[in-house]
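This is what each chain is made of:
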Amino acid sequence: KPPRAPPAQLPKALDVAPVEPAGAPKKDKAPRRDVDFTPMTVEEYREKYGEKGEKQNLGRLGPDLDDDALLMKKAVQEKVKQFSKELHRINRQRQEKVQPQPKPKPEPKPNARAKALEFAQNVPKPKPTPKPQLVVDKKGHAARAPASATEERDDLEEIRRREKQHFEDVAKVAEIRQFLSAMAV
């Protein structure tokens, strides 16, 4: 900041004492005292208040440990603690005398899985059918077991029926292809 200019001095002729109201009490001003003050340096501040102005904890008075009410409370607490320890000891002795009886396991309620397993055990198992034995020719070809004449006839009829169905399907496919080629042109 720039320094302030000194106040303008008024001529002494105009120097008039201020006028006070008539009813106001007169004030006596005491002359100012000379103050001898030097500001602290940063190092002095840190020595006095600690780093970063930390708050210093002063001593405390502490609780009144000789209070009668407090002593009564402590005595009652100690009696309760002793009674509790003694009760635990007695209960432990009683528990050791009595033989622990194993609890019988309650029979579980049958759920869906248990019911299904029980049912599956009671279902009669099917008897296995004997497998037909293969007859091997001298050339090493495996042939079916000899079947009865009626079975052979039924197999032949089934083959003929399927072959007939195949030829009909082939004819239908040819018709569809011909129709599509006629439409594409």
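These figures come from a predicted structure and were not determined experimentally.

About the cut-offs
Residues numbered from 1 in each chain as written. Predicted model: local features only at pLDDT ≥ 70, side-chain atom pairs only at ≥ 80, totals over all residues. Heavy atoms only, no water. Helix = DSSP H or I, 4+ residues; strand = E, 2+ residues; numbered from the N terminus. Buried < 20%, exposed > 50% of the residue type's maximum accessible area, 1.4 Å probe, protein only. Areas by Shrake-Rupley, 256 points an atom, 1.4 Å probe, with all protein chains shown as cover. Patch = residues over 30% accessible without salt bridge, like charges linked within 9 Å, V, L, I, M, F, W, Y side chains within 5 Å. Salt bridge = Lys/Arg side-chain N within 4 Å of Asp/Glu carboxyl O. Lys, Arg positive; Asp, Glu negative; His and termini not counted. Charge placed at Lys NZ, Arg CZ, Asp CG, Glu CD. pLDDT = per-residue confidence, 0-100.

What follows covers the overall build of the protein. Within the protein, the regular secondary structure consists of four helices and two strands. Going residue by residue from the N terminus, the α and β elements of the protein occur as α-α-α-β-β-α. Out of the 185 residues in the protein, the part that is buried amounts to 1%. On the protein, roughly 20,900 Å² of surface is accessible, and the fraction owed to carbon and sulfur atoms is 57%.

Before going further, it helps to examine a nonpolar patch on the surface. Taken together, the side chains of I176, F179, L180 and M183 make up a nonpolar region of the molecular surface, amounting to roughly 450 Å² of accessible area. Given the relative accessible area of 51%, I176 is considered exposed.

A surface patch of negative charge is lined by D64, D66, D67 and D68. Relative to the helices and strands, D64 is located in the loop between α1 (42-49) and α2 (68-97). For D64, a relative accessible area of 53% gives the class exposed.

Glancing now at the pattern of salt bridges. Using the criterion set out here, one finds three salt bridges in the structure. R89 is paired through a salt bridge with E86; the nearest N and O atoms lie 2.0 Å apart. Here R89 and its partner E86 are both found in helix α2, three residues apart, which amounts to about one turn of the helix. Using a relative accessible area of 36% as the deciding quantity, one classes E86 as partly exposed. Note that E158 and R162 form a salt bridge whose closest N and O atoms lie 2.8 Å from each other.

What follows is about the confidence of the model for the protein. Chain-level statistics for the protein give a pLDDT mean of 81 and a share of 77% at 70 or above. Mean pLDDT across the secondary structure elements of the protein bottoms out at strand β2 (residues 142-143), with 56, and peaks at α2, with 94.

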